[in-house]
Amino acid sequence: MADKPIMRDPMDSEEAKAMESGKYNSHVSFVCVLCNKSFVGWGNNPDPLAKEGVCCDQCDMDKVIPKRIEEHNNGRKI
Ligand SMILES: [Zn+2]
C-alpha cells in the first residue's frame, strides 16, 4: 500500500459534473437536518419538521412537502 494512486473521490466528481452542467450555481454545501447528508445547492426550509437548518431537495420532496400538505389538510378538515 506504499504506492497509493491518487483517486478522485466519487462524490467530488459528481459535484464537479453538476457544477459543470450548470445545475448548481452555488458551491455552498449544507448538511441536511433531516437525513444528515451534505449536499450542494440551495437549502430548503425544513419547517414543520425542523425549526432550524436546511434540508436537501430529496427530503423536501419526500418528507417536508407531504407533511405540509397533511397539516394543511388537517387544518381545513378535508
Ligand atoms: Zn435530506
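All figures in this text were calculated on a predicted structure; none of them were measured in a lab.

**Notes on the confidence of the model for the protein chain**
The share of residues in the protein chain with pLDDT of 70 or more is 67%, and the mean pLDDT across the chain is 81. In the model of the protein chain, helix α1 (residues 10-20) stands out as the element of lowest mean pLDDT, 64, in contrast to helix α2 (residues 57-76), which has the highest, 92.

**Focus on the environment of C59**
Inspection of the secondary structure puts C59 in helix α2. According to the C-beta neighbour criterion, C59 is buried, with 21 such atoms within 10 Å. Leaving out residues up to four positions away in the same chain, C59 has contacts with C32, L34, C35 and V64.

What counts, and where the lines are drawn
- Residues numbered from 1 in each chain as written.
- Predicted model: local features only at pLDDT ≥ 70, side-chain atom pairs only at ≥ 80, totals over all residues.
- pLDDT = per-residue confidence, 0-100.
- Helix = DSSP H or I, 4+ residues; strand = E, 2+ residues; numbered from the N terminus.
- Buried ≥ 20, exposed ≤ 12 C-beta atoms within 10 Å, placed from the backbone.
- Contact = placed C-beta atoms within 7 Å.

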